[in-house]
Amino acid sequence: LHQNTHKIFLKLLRKSDEDNLFLKDVFFPRGKSCHQNDKSKFKMKVKDGNICYMVTHPDNFNVYDFTEWSRIHPGNMEGRPNPIKQFLKDKDPSLRFPWHHPLFRWQNSKQFIPFIGRLGDQVSSIDLPENLRSYLPNYHGDDITGRATIICGSPGEVANDENYLLSTTFSTSKGPGLENHALDYYVQQKKTVWINIVLGAKDQLRQRMAWALSQILVVSTSNCDINTEVFLNYHDIFVRNAFGNYRDILREVAYSPMMAENLSYIRSKSSSYVFQYNRYILYADENFAREIMQLFSIGFVMLNLDGTPMRDANGKTIRTYTNEDIMSYAKVWTGFDMQSYRGNFEQRNNHGNFLDPMRIRASWRDRTPKMGLNGQYIGDKYLPCTDLPQRAFLRKGATYRLLGQSELPELENALRKDEESSTSKVRILNLHSNSWLRRKLCNMSMSNEKCILKNSVELDMDISCVKTECNVDTLQVVKLYNKVFYEYVRPPCVNFPFFNTGTIITNTYSNLEVCANRNSFVAAEACCNNVSNMAVHKSCKYTGERVSFHRAQERCSLQNRHLCKFKEVKKSQNCCENYRGYYWTNDSCDISVKVDSSGKVFVDDSSDYAKDVSIDFFRVHWEDDKFPSMYNNCGNGLCTKDGNHCLCRISVVNSEVFTSIPTIEEVLQKLHIGAISPHTMANDYTLSDQSTSKVKMYFKGNSINSDTIFEVTDNYGRLFYLRNLQSSVEIQGSGDTYKFRNPPKFFDVYTDVRNSQYETEAALDHYFYHQNVAPFLTSRLIQRFGVSNPSPRFIERVARAFQEGYFAYGNDANKITFGSGGYGDLSSTVAAILLDRESRNTVLDSDLTHGSLREPLLKVVALMRNLNFESKRNEELVTLYGLENSIGQMAYEFPSVFSFFLPEYAPPGVFKQASLVAPEAMAIQYSIGLLNGMFSMVKFGLTSCFGGFGPPHKKCDKLIEGQYGRSAGSLTFEPSSPQNATHTVNEIATLLTSGRLSKESRSLVENAYKREPDRQKAHQLIKQLILTSPEFHVTGGSMDFIEEEKVRSLPKKSSLAKHKAVVHILLAGGCDSFNVLVPHSNCKVSDLYAGYEKERGTAALNKNDLLKIDASSSNQACSTFGLHPRLSLLQSLYEDGDASFLASIGVLTNPVDKTNFERKTVTQLFAHNDMQAEIGSLDPHLSTSVAGTLGRISDALTEQNYVVNSFAVDGALSFIEGSTNNDVKMVAFNSNNGLQQLDPTSSSAQFTNMVNQVIGKRQNIFTSTWASSLQNLRMNSQFFKKAYENAEVKTIFPTTDEGRKMESVLRLIASSADREVERDLFFVQIDGYDQHHEMVNVLDKNLNNLNEALDSFVSGLKEINKFDDVTVVVSSDFGRTLSPNSSNGTDHAWSGHSFMFGGSVKGGKIFGSYPDDLSINNPLNVGRGRFIPTLPWEALWNAVIQWLGLNNASTLDEILPNRKAFDKNSLFEEVELFTNKLE
């Protein structure tokens, strides 16, 4: 080595104070590097005395947990030893990276392998990966760390009963042998707990409110499906807070590991953290940041208090947030991780602690300023940390938390070595026996010296300092006595990243330098004399103490020393020895700003961090939206060009805002900097006589100036003290041309737990105190309580109860009040809902649009509760099975985060025409399954027979109606006067329909009762008839008139058209199609695969794994593309000319570009429900009342005398809904249940006729919808069932969900001749493509399942000679971001790449335009690889519709209402996408 290189290494090694005996990590300081001749060398050796060091790979000798990797390792093959486990063959714990593998495979894979530490490191047991901690002795004990600590259980937790339960098992059964239960027992029991509570609990309203809330803040999936306790614990958030405050629910949900896993922000990390440690760029996961706004708090359209949408001057709705807001908030949700395992906790798997609220790992947290809703920063209106009063830890309101016997602060960085190190010397500030603080913490009175410890102590008055307390600026931990410690919880405050002249602080441990604000408490003193630049650190009052620059100067002065630009720091042999933080120097520094092309900025303090991590750009408020950029030559030369950025010198200008007393609206709008309460500084501030009732003004001096403080209370009851000050950052030399507001942030140079928690709370306040919350949330709750279309008056009344926290019912003499008086109160909210006239007034039964369809599960519960369901004596608990499949709803079985029903769902026809909604109509396709289950319970008790909801029953043929001995329980209600038909019918009608059964229906039921001589059978009969009545299924009135059912003849072919079918498959969730179709080679301009690999990072597929396809005839950027390695069928079809791709396709309102897409796009971009709905309807302007594109195609084909059948296979019925009232047309097909017959145990024509009469035809739109839908389902299932079951299909399909769905489609196609149909339209939904987490692995599994299912489907079509007759179109909500997130997933984007195939498809081509530049420089890239589509979905469907036989331009315009928005050349014609095989 060159001597300069050797010298640098030697110095760094000697400066390192690591305890590891084998390894030392060294960090080169800024401006230092190896000698030029040594830069390409490896295995360099440095000798220090008798010790020789050799440079090695940064990951060499790291210790990892390979448990999971040994299972998922790509090289695993049957028939050979596991290549990972074989390293343990000779008990050798060393795994050697195979020499023949390229090193990037390790770099890409190590993210999936948990890092534990380096060889020789001491690792705390609490920091071990959860599954490894189980190997520790006494793992389930209370004392993990070896000292007494504060242990908190979950709410309502009780100890294990060791006589019955295993230590890790939660069970609803008693007795031994629990470990022998089948797996489905544990999956089922959480639902068993729920149904038993709702059937028997006395607090029915609380349970009902909890159920409503659980459908808003949904956890839909989990790795813990076999666990019970974690699900019950999550649901208990809603039970516990049902009548509490919604803010508490938001906090508990946000900290819930169940929610964090479900919406994938668990272990999300900041971009800077990932880049520092892994050297690649990942972004914060956006999933939760999006859904907490869209679904849990504010929605995406601005609302008036009455729930009506706000509109701009052009009549367009106003959006509540942008995707930039989501990206900002996503940074808030970094750092969250599960708590460690503990005792008394259900652990049936090793997925981690999903029970306790999450902890925050501060090092993972993003620490940049964050702009959020309404252009406000998270941190606005908070007190600047530099304005905290002197010794704030002794002021009224100061808070301390008990640590027990632990000396380590839990909320703030300790900045010291591990206190258990043998060389450690740690000093804690020991409170003097006469300390007033000690007395307050001891909770003692003047007459009693005994301490009564509290978990948390808040000072109720200002107290004086004693001894050492008077000589410190801040506190961390104080010692009370013996080994009892309290941690000071500093109040929330913010820092400003931009300031005028700062001072360099240096961390000698990591050799980092940062430019710091001199007034901040971020470093310790390091004092030099006049002779040497060797500094000493010896004046600390406790280990880890940080002081301001001025305090550091003062301490050095007392030593006759001064601050300096030191070379080394010598630490005294006291508490200062183990300090690990920054030190003040006397070296001044300036802050600059980097500006990117969008106006986002980065704080450049010329530090090592700034050079290393310049990816932390954030939004700021540029005045008049003017900023220097590459587009204006960096402000016409004011700034210098730095790559693609402008580097600018800045000045911070502080100025007063008001010169006279403002209004409260002006104060809240224009003042952003918080202030200390003037009441605590009575000697400095006086109340101005200019104050008003709404604005109190406090002077420091005699007039308004920048020190003036305003006191105001906002509409939500929040008290603010705001300083009359604005801090602006100006680009030097620009005057007022380029400037922005100085953005606050909660972090200084350190990122700690305390400030992370404060920032989280501030973000939750952004959501909670948004003006949309009250109308948005209350309208959702009103719907869950039975009114689908509440009036604006109703919504506003409930919203005011939510805002005011108060609701009064009755007149003054008999007034009953509800609520706590605080904003967000749910007791006042639910009272306002249930006591409003729209919930109670029977006059509204005559309103044809009032009410709602009832939730299927609530109908089952109502039946069981109202007719007194009782279990058999030997059955401990009621258990219902399979309701999620038979009725479409069950607790803990949410299909997605969007819950069971979309609030905005409107069935076709009258609902859409009247702009009304019926959310529960989404489950109407399950009506036959629901009725069959209830009929079975009425006739046979609770069994699985004949569609029943009970436990499996093997002898259904032995069951006898009215005999319940073989069941798990039965309905035990007996009428009080069974001989009186009128009385009996009225009793049961009251219990099941709240007395709303119509007069005509009562007469029909009563006559049926009289005709049946057997009283028991008569009771069963009238129960069944009333259960079929629309009044049981809706909450509105009926106003019916009865019509005999018209006998509907089956359709007959009216033409000689050959049968054709279109199958539309939706990969729901947003398929990452950049890993479906990948640029490979032979590119025109540049190596597009290299660009793909660079932008995708860890999400990129290996080039050698791709399945190559020839695109030379497609005029694309490359002549060779690659397919995902799992899509072998698609490769084969493409090569055979039967499959094509559609590149850069997506939902488009109009052709748009980067400058206008937000303004000109009607659809809510990047949102699942809106994007899916638009793909299904292609009607952004809502110009037609028909919901689905396939439905409009069906209508048009029917008008042309084609016989058409439409099927929705496990998907939204809206995709196929049309308006033509033709016979045997539309079927919602459940691939789990097939086609069902109503009441399979009854063959009585008389019963069928009675059911028809009770259903009748109704005027109320809800009862009418229920009645007509049930009749259609009955007729369609009867017609299709036989043809479906008789279809000859020999092809074997995989047993996956995808296989089951595609087999159903094939059977229906095979039955086309028996159905005498000429056109079949299918919609198939396949879930699981919302891959925010582990995208590469999940997509690999999903595409493998899809490929296998489609392979069988294609084989089956060819086997029945239908391949040429069928066209398959595959779509998805949207594409995904090209750049990955820190959860190893990708986030919502826009443009994607799709495909189609079939025997008539003109295959072997890629249509559309694949991006020729995947970087941010592409004008269609709006950020993170979110590309604007160049091909609308209308382009594809224009050709598909023609292939089906509809070529008239006006017909195409009716089917595709937005078709005219695009140039004719943008739309494909049939001849372009199809051959003429069928002609």
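The rules we used
Residues numbered from 1 in each chain as written. Predicted model: local features only at pLDDT ≥ 70, side-chain atom pairs only at ≥ 80, totals over all residues. Heavy atoms only, no water. Helix = DSSP H or I, 4+ residues; strand = E, 2+ residues; numbered from the N terminus. Patch = residues over 30% accessible without salt bridge, like charges linked within 9 Å, V, L, I, M, F, W, Y side chains within 5 Å. Areas by Shrake-Rupley, 256 points an atom, 1.4 Å probe, with all protein chains shown as cover. Salt bridge = Lys/Arg side-chain N within 4 Å of Asp/Glu carboxyl O. Pairing = 2+ DSSP bridges. Disulfide = S-S within 2.5 Å. Buried < 20%, exposed > 50% of the residue type's maximum accessible area, 1.4 Å probe, protein only. Phe/Tyr/Trp six-rings, centres within 6.5 Å; stacked < 30°, edge-to-face > 60°. Lys NZ or Arg CZ within 6 Å of the ring centre and 35° of its normal. Axes fitted to C-alpha atoms, helices over the stretch in contact; angles between N-to-C directions. Contact = heavy atoms within 4.5 Å. Expected span 1.5 Å × (residues − 1). Arc of directions from axis to C-beta. pLDDT = per-residue confidence, 0-100.

Some words on the environment of asparagine 683
Its place among the elements puts asparagine 683 in the loop between α17 (664-670) and β24 (686-687). Along the chain, asparagine 683 and phenylalanine 802 lie 119 residues apart, while their C-alpha atoms are 40 Å from each other.

Thoughts on a nonpolar patch on the surface
Taken together, the side chains of Leu21, Phe22, Phe61, Val63 and Leu119 make up a nonpolar region of the molecular surface, amounting to roughly 540 Å² of accessible area. Within the secondary structure layout, phenylalanine 22 lies in the loop between α1 (3-15) and β1 (45-48).

A word on the sheet that holds strand β12 (residues 502-507)
One open sheet holds the 4 strands; their spatial order is β13-β12-β19-β14, and the pairing between them is mixed. Across the chains shown, the open sheet's two edge strands, defined by having one partner strand only, are β13 (512-516) and β14 (523-524). Pairing analysis gives 5 bridges linking β12 to β13, with the strands arranged antiparallel. From the neighbouring strand, isoleucine 505 faces β13, where its bridge partner is valine 514.

Section: the state of the cysteines
Inspection of every chain in the model, using the stated rule, returns 11 disulfides. At a sulfur-sulfur separation of 1.9 Å, the disulfide partner of cysteine 527 is cysteine 556. Disulfide cysteine 527-cysteine 556: the torsion about the S-S bond is -85°, which places it as left-handed. Separated by 29 residues along the polypeptide, cysteine 527 in strand β15 (residues 527-528) and cysteine 556 in helix α14 (residues 549-558) bring together distant segments of the chain. With respect to burial, cysteine 527 and cysteine 556 carry one shared label: buried. Put simply, cysteine 540 and cysteine 576 are joined by a disulfide, and their sulfur atoms are 2.2 Å apart. On the sign convention where negative is left-handed, the bridge of cysteine 540 and cysteine 576, at about -120° about the S-S bond, is left-handed. With a gap of 36 residues between them, cysteine 540 in the loop between β16 (534-537) and α14 and cysteine 576 in the loop between β18 (568-571) and β19 (582-589) connect regions that are remote in the sequence. You'll find cysteine 540 and cysteine 576 in the same group, each marked buried.

Some points on the packing of aromatic side chains
Summed over the entire model, instances satisfying the criterion amount to 51 aromatic pairs. Centre to centre, the rings of phenylalanine 911 and phenylalanine 1262 are 5.3 Å apart; their planes meet at 65°, and the pair counts as edge-to-face. With phenylalanine 911 in helix α25 (residues 910-913) and phenylalanine 1262 in helix α37 (residues 1261-1286), this pair connects stretches of sequence that are 351 residues apart. You'll find phenylalanine 911 and phenylalanine 1262 in the same group, each marked buried. Each ring, one from phenylalanine 1121 and one from tyrosine 1410, has its centre 5.0 Å from the other, and the planes form 70°; the classification is edge-to-face. Taken together, the residues phenylalanine 1121 in strand β37 (residues 1118-1123) and tyrosine 1410 in the loop between β44 (1406-1408) and β45 (1431-1432) connect sequence positions 289 residues apart. In this pair, the class of phenylalanine 1121 matches that of tyrosine 1410, namely buried. Taking the ring centre of tyrosine 769 as reference, the NZ or CZ of arginine 718 above it sits at 3.9 Å. The ring centre of tryptophan 1266 lies 5.0 Å from the NZ or CZ of lysine 859, which sits over that ring.

Examining the sheet that holds β37
The strand order across the open sheet formed by 3 strands is β35-β37-β36, and the pairing between neighbours is antiparallel. On the outer flanks of this sheet lie β35 (1077-1083) and β36 (1107-1110), each paired with one strand and no other. Between one strand axis and the next, the sheet turns through 35° on average, direction left out of account. Note that β36 and β37 share 4 bridges and pair antiparallel. Bridge pairing in β37 places leucine 1107 opposite leucine 1123. Where helix α31 (residues 1088-1096) meets the sheet, its contacts fall on β35 and β37, and the angle it forms with β35 comes to roughly 140°.

Some details on helix α40 (residues 1335-1359)
Taking 1.5 Å per residue, 25 residues should reach 36 Å; α40 reaches 35 Å between its end C-alpha atoms and fits that length. Two residues or fewer past α40, asparagine 1361 is found with a positive phi of approximately 60°.

Re helix α28 (residues 999-1011)
Here α28 contains 13 residues, and its C-alpha end-to-end distance of 18 Å stays within 8% of the 18 Å for a straight helix at 1.5 Å per residue. The set of residues buried in α28 consists of Ser1001, Arg1002, Val1005, Glu1006, Ala1008 and Tyr1009. End-on, the buried residues of α28 take up no more than an arc of 160°, which puts them together on one face. Across from the buried face of α28, at angles greater than 90 degrees, the exposed residues are Lys999, Lys1010 and Arg1011.

Thoughts on the pattern of salt bridges
The final tally for this structure, using the stated rule, is 61 salt bridges. Aspartate 1239 is the salt-bridge partner of lysine 939, the closest N and O atoms lying 2.8 Å from each other. With a gap of 300 residues between them, lysine 939 in helix α26 (residues 927-940) and aspartate 1239 in the loop between β40 (1226-1229) and α36 (1245-1255) connect regions that are remote in the sequence. The class for lysine 939 is buried, based on a relative accessible area of 2%. The partner of lysine 1010 in a salt bridge is glutamate 1006, with the nearest N and O atoms 3.3 Å apart. Placement of the pair is lysine 1010 and glutamate 1006 together in helix α28, with a separation of 4 residues, close to one helical turn. Here glutamate 1006 falls in the buried class, since its relative accessible area comes to 15%. Within this structure, Arg247, Asp248, Arg251, Glu761 and Asp765 form a network of salt bridges that share partners.

Topic: the confidence of the model for the protein chain
Across the protein chain, the average pLDDT comes to 88, with 91% of residues at or above 70. This stretch, residues 418-423, has a pLDDT under 50; its non-local contacts, to residues over four places away or in other chains, come to 12 contacts. Across residues 1041-1051 the pLDDT falls below 50, and counting only partners more than four positions away or on other chains, this stretch makes 22 contacts in the model.

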